[in-house]
Amino acid sequence: MAVSFAHLPVLADSVVEAFSGLPGQPAGAYVGQALLLDCTLGGGGHSALLLAAHPALRLIGLDRDPAARAAATERLAPFGDRAVIQAANFADFTPPAPLVGVLADLGVSSPQLDEPTRGFSFRAPGPLDMRMDPAAGETAAELIDRLEESALADLIHGYGEERLSRRIARRLVAERPWAGSGRTTADLAYAVAGCFPPKARHGRIHPATRTFQALRIAVNDELGALDRLLERAPDWLVPGGLLAVISFHSLEDRRVKTAFLSDPRLERLTRKPLVASEVEEQANPRSRSAKLRVARRLA
């Protein structure tokens, strides 16, 4: 049900402020109806704020997750045909017209983490899935079973920045098969934690966190999708159009920072990323690691 996907959009005030300077004279009045792309619609929180702030704006929202699209459909209903929702991966999408803005809120959402049947988290036992689109692609269990030990270790190190990646890969390979075994995210987390010294198993961050991150990124090709977006999105924008990306870990943020600095099509507007205030962090713990960077399309 859509209600299960309800959550607070991170850095909401910063996103609204970032898009306050959309192309058009005077502010809010566009030539025709301006079009903005929300690459990661989720529950529609950011989209609703932007549509409310810009009455002449139309929006296309993309998401692979049917639960997210259902929630967004309900949330954006008051805006009528100004909001169009599509089942799509932004990495494979081409907009139908030039855009005044592109927003991407990367990573996995709180409702996805909180739903055990999606397999993103080890807080409660769930299937070893981790797919953003639960109807397509390879599950995390199938990925673990398919890769050679060295390739699995490289994946865990590269996408999770996990220093014990080789020990973890050796353990996971030894315990194959994972797919079809009935074992859960809790079993995977237990296997990973067993690779750590006893004193390291009870820190602030669970020892399986980085491995889960790495598997999720690989299952959904998240960094590949981000690279394609950063390459293509500037060409979608009208002169003065805005590109805003919210990232949640250093692998994403480094890519965004580098692209905004080196792409001759873009002017970086945020020298340092915008982050959550203490008040927002307390109200929405997920916002603690969020970083927003914004760039403008040059003429």
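Whatever comes next refers back to the structure up there.
Reading guide: rules and limits
- Residues numbered from 1 in each chain as written.
- Predicted model: local features only at pLDDT ≥ 70, side-chain atom pairs only at ≥ 80, totals over all residues.
- Heavy atoms only, no water.
- Helix = DSSP H or I, 4+ residues; strand = E, 2+ residues; numbered from the N terminus.
- Expected span 1.5 Å × (residues − 1).
- Buried < 20%, exposed > 50% of the residue type's maximum accessible area, 1.4 Å probe, protein only.
- Contact = heavy atoms within 4.5 Å.
- Pairing = 2+ DSSP bridges.
- Right-handed = clockwise from strand over helix to strand, strands pointing away.
- Salt bridge = Lys/Arg side-chain N within 4 Å of Asp/Glu carboxyl O.
- Axes fitted to C-alpha atoms, helices over the stretch in contact; angles between N-to-C directions.
- Core = buried A, V, L, I, M, F, W, Y, C linked by side-chain atoms within 4.5 Å.
- Parallel < 35°, antiparallel > 145°, perpendicular 65-115°, else oblique.
- Left-handed = near helix turned anticlockwise from the far one by under 90°.
- Nonpolar A, V, L, I, M, F, W, Y, C, P; charged D, E, K, R; others polar.

Colleague: Summarise helix H9 (residues 209-220); cite the residues concerned and give the values.
Modeller: In this model H9 runs 17 Å from its N-terminal to its C-terminal C-alpha over twelve residues, within 8% of the 16 Å that 1.5 Å per residue would give. The element H9 is extensively covered by neighbouring structure, given that nine of its twelve residues are classed as buried. When H9 is considered as a whole, its buried residues turn out to be Thr211, Phe212, Gln213, Ala214, Leu215, Arg216, Ile217, Val219 and Asn220. Elements that come into contact with the buried residues of H9 comprise helix H5 (140-146), helix H6 (149-160), helix H7 (165-174), helix H8 (185-193), helix H10 (222-236) and helix H11 (250-262). Two residues or fewer after H9 comes aspartate 221, characterised by a positive phi angle close to 50°.

Colleague: Explain the side chain of threonine 211 residue by residue, including any values.
Modeller: Counting through the fold element by element, threonine 211 comes out in helix H9. Note on threonine 211: relative accessible area 0%, which makes it buried. If we skip the residues at most four places from it in the chain, threonine 211 touches Ile156, Glu162, Ile168 and Val192.

Colleague: Please set out the pairing of strand E2 (residues 57-63) residue by residue, giving values where relevant.
Modeller: Where burial is concerned, most of E2 is hidden: six out of the seven residues are buried. Relative to E2, strand E1 (residues 34-38) runs parallel, the two sharing five bridges. Along E2, the bridge assignment pairs aspartate 38 with glycine 61. Taken together, E1, helix H2 (residues 45-53) and E2 form a β-α-β motif whose crossover is right-handed. Examined bridge by bridge, E2 and strand E3 (residues 83-87) share five bridges and lie parallel to one another. For glycine 61, the partnering residue across the bridge sits in E3 and is isoleucine 85. Note on the crossover from E2 through helix H3 (residues 66-76) to E3: the handedness is right-handed.

Colleague: A description of the pattern of salt bridges should follow, citing residues and the corresponding values.
Modeller: In the structure shown here, the tally under the stated rule is 17 salt bridges. A salt bridge links glutamate 161 to arginine 254; the shortest N-O distance between them is 3.4 Å. One end of the pair, glutamate 161, is in the loop between H6 and H7; the other, arginine 254, is in helix H11, with 93 residues separating them in the sequence. The class for arginine 254 is partly exposed, based on a relative accessible area of 44%. Salt-bridge contacts for arginine 265 lead to aspartate 263; the nearest nitrogen and oxygen are separated by 2.7 Å. The two residues arginine 265 and aspartate 263 agree in class, both being buried. Through salt bridges with shared partners, a single network forms among Asp235, Asp263, Arg265 and Arg297.

Colleague: I'd like to hear about the sheet that holds E2, residue by residue, with values.
Modeller: Pairing within the open sheet is mixed, and its seven strands lie in the order E3-E2-E1-E4-E5-E7-E6. A single partner strand is all that each edge strand has here, and the edge strands are E3 and strand E6 (266-268). Between one strand axis and the next, the sheet turns by 20° as a mean value, whatever way the strands run. In the sheet, strand E5 (residues 237-247) pairs with strand E7 (residues 291-297) via six bridges, with the strands oriented antiparallel. Within E7, the position partnered with leucine 242 by the bridge is arginine 296. Most of the contacts of H11 go to E7, to which it runs at about 20°, and overall it touches E5, E6 and E7.

Colleague: Tell me about the nonpolar core, and name the residues and values.
Modeller: One broad trend across soluble globular proteins is that nonpolar side chains are buried collectively. Core analysis: the biggest nonpolar cluster contains 30 residues, and Leu152, Ile168, Leu172, Trp178, Leu188 and Leu215 have the highest contact counts within it. Listing elements by their share of this core, those giving two or more residues are H5, H6, H7, H8 and H9. Sequence-distant contacts of isoleucine 168, that is, excluding residues within four places in its chain, are made with Ile156, Glu162, Val192, Cys195, Phe196 and Thr211. One finds Leu22, Ala34, Leu51 and Val294 within the second-largest nonpolar core, a separate group that totals 28 residues.

Colleague: Tell me about the packing of H7 against H8, and please be specific about residues and values.
Modeller: Interhelical geometry of H7 versus H8 gives an angle of 130° and a closest axis separation of 9 Å. As the angle between them shows, H7 and H8 are arranged oblique. Note that H7 runs across H8; the crossing there is right-handed. Residue-level inspection shows Ile168, Arg171 and Leu172 of H7 in contact with H8, the latter providing Leu188, Ala191 and Val192. Its residues assigned to classes, the contact of H7 with H8 comprises five nonpolar, no polar and one charged.

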